[in-house]
Amino acid sequence: MANPNGAKTDPKSTFLNVYSVLKSELLQDPAFEFTDVSRQWVQRMLDYNVPGGKLNRGLSVIDSYKLLKEGKELTEEEIFLACSLGWCIEWLQAYFLVLDDIMDGSQTRRGQPCWFRVPQVGLIAANDGILLRNHIPRILKKHFREKPYYVDLLDLFNEVEFQTACGQMIDLITTLEGEKDLSKYTLSLHRRIVQFKTAYYSFYLPVACALLMAGENLDNHIDAKNILVEMGTYFQVQDDYLDCFGAPETIGKIGTDIEDFKCSWLVVKALELSNEEQKKVLYEHYGKPEPEHVAKVKALYNELNLQGVFAEYESQSYMKLTTLIESLPSKSVQAVLKLFLGKIYKRQK
């Protein structure tokens, strides 16, 4: 996989090469008798949904594993396996997003129509989501069956998937039409949704995969887990902020949290900081799709100086997380967490 002349290949292209290998293995899985038509369907479905994002979660497995190995040169097999676990996370993400978009009735994802919006796909996308989910244990079985940490990997993916689905549930039932009640939107609810829906699979899972590959017992890294979940919370607050204040051309999407009555950090903070008059404005205009309602909410956000409140939150979080990371016993685990924090601090997209 590496260049025979010893030149370093770019990690992203190495990673994408592994995708091609895993995909062709899945398209020849002996447990199913593929026809040309079914094979083409799965191939198109995978190419459309799995490799299209920023690939941050997948690539961070390799970055983390390298740091845990403290500068030792990785073997071809180690690189391949770390990339494979990274792709399992990207598969998990694709599975969630395909089904999420159906539930939300979304139009676009990653700058193209959502998979279920593609002509002739429609609700077949629900079964495609199930297939994506089932590809993960196929990949794990093929490449990790003989590893001492195989069962731990299966447990890890199962547990994180369960936590994410529960987070999605709280999010969905909180935003129920006909029960639009802003008074239930608190920091603790926001935190719960974020922790379960995003933080476990986006922040803890990649590091946990790398730790298992490095022969570590996850029970010995509960503190690191808690810091990563905290980091995931900070990441989502940034997302909530960018949804309203980020430039659409930078973040690649047009934010609709206000229209969608989302339990966003911004609305929670606004409720906390508002006087009675200002609260009325929120209750009256939040969650309504018309631009004039959205404009009223944004004007209130500016009146309350939420950009300043966020900047303060951001620097406080950074200092708090840095202190927590530096209290960890393992220098290599510290390095992994600092890498993550460095990537997200003050991000614009």
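Just above, that's the structure.
Reading the values: rules and limits
Residues numbered from 1 in each chain as written. Predicted model: local features only at pLDDT ≥ 70, side-chain atom pairs only at ≥ 80, totals over all residues. Heavy atoms only, no water. Axes fitted to C-alpha atoms, helices over the stretch in contact; angles between N-to-C directions. Helix = DSSP H or I, 4+ residues; strand = E, 2+ residues; numbered from the N terminus. Parallel < 35°, antiparallel > 145°, perpendicular 65-115°, else oblique. Left-handed = near helix turned anticlockwise from the far one by under 90°. Contact = heavy atoms within 4.5 Å. Nonpolar A, V, L, I, M, F, W, Y, C, P; charged D, E, K, R; others polar. Patch = residues over 30% accessible without salt bridge, like charges linked within 9 Å, V, L, I, M, F, W, Y side chains within 5 Å. Areas by Shrake-Rupley, 256 points an atom, 1.4 Å probe, with all protein chains shown as cover. Salt bridge = Lys/Arg side-chain N within 4 Å of Asp/Glu carboxyl O. Lys, Arg positive; Asp, Glu negative; His and termini not counted. Charge placed at Lys NZ, Arg CZ, Asp CG, Glu CD. Buried < 20%, exposed > 50% of the residue type's maximum accessible area, 1.4 Å probe, protein only. Core = buried A, V, L, I, M, F, W, Y, C linked by side-chain atoms within 4.5 Å.

## Here we look at the packing of helix 6 (residues 150-174) against helix 7 (residues 187-213)
Okay, step 1: Viewed as axis vectors pointing N to C, helix 6 and helix 7 meet at an angle of 165 degrees, and their least axial separation amounts to 8 Å. Taken together, the axis directions place helix 6 and helix 7 in an arrangement best described as roughly antiparallel. As for how helix 6 packs across helix 7, the hand of that crossing is left-handed. Contact residues: Asp152, Leu153, Leu156, Phe157, Val160, Gln163, Thr164, Gly167, Gln168, Ile170, Asp171 and Thr174 in helix 6; Leu189, Arg192, Ile193, Phe196, Lys197, Tyr200, Tyr201, Tyr204, Leu205, Ala208, Cys209 and Leu212 in helix 7.
Okay, step 2: Grouping the constituent residues of the contact of helix 6 with helix 7 by class yields 15 nonpolar, 5 polar and 4 charged.

## Some points on a negative patch on the surface
Okay, step 1: A surface patch of negative charge is lined by Asp152, Asp155, Glu159 and Asp219.
Okay, step 2: Tracing the chain through its elements places Glu159 in helix 6.
Okay, step 3: What makes Glu159 partly exposed here is its relative accessible area of 44%.

## Here's the deal with the environment of Tyr48
Okay, step 1: Along the chain, Tyr48 falls in helix 2 (residues 36-49).
Okay, step 2: Along the chain, Tyr48 and Ala82 lie 34 residues apart, while their C-alpha atoms are 23 Å from each other.
Okay, step 3: Setting aside its immediate chain neighbours within four residues, Tyr48 contacts Gln112, Pro113, Cys114, Trp115 and Val118.

## Details of a nonpolar patch on the surface
Okay, step 1: A cluster of nonpolar residues, Met103, Met169, Leu172, Ile173 and Leu176, forms a patch on the protein surface that exposes about 440 Å² of accessible area.
Okay, step 2: Relative to the assigned elements, Leu176 resides in the loop between helix 6 and helix 7.

## Structural notes on the nonpolar core
Okay, step 1: Ranked by size, the top nonpolar core spans 79 residues in total, and within it Trp91, Met231 and Leu337 carry the most contacts.
Okay, step 2: The element best represented in this core is helix 4 (residues 76-104), accounting for 14 residues.
Okay, step 3: When neighbours within four sequence positions are excluded, Trp91 is seen to be in contact with Tyr19, Leu22, Leu26, Leu46, Val50, Leu132, His135, Ile136 and Ile139.
Okay, step 4: Membership of the second largest hydrophobic core comes to 28 residues, among which are Cys244, Cys263, Leu266 and Leu300.

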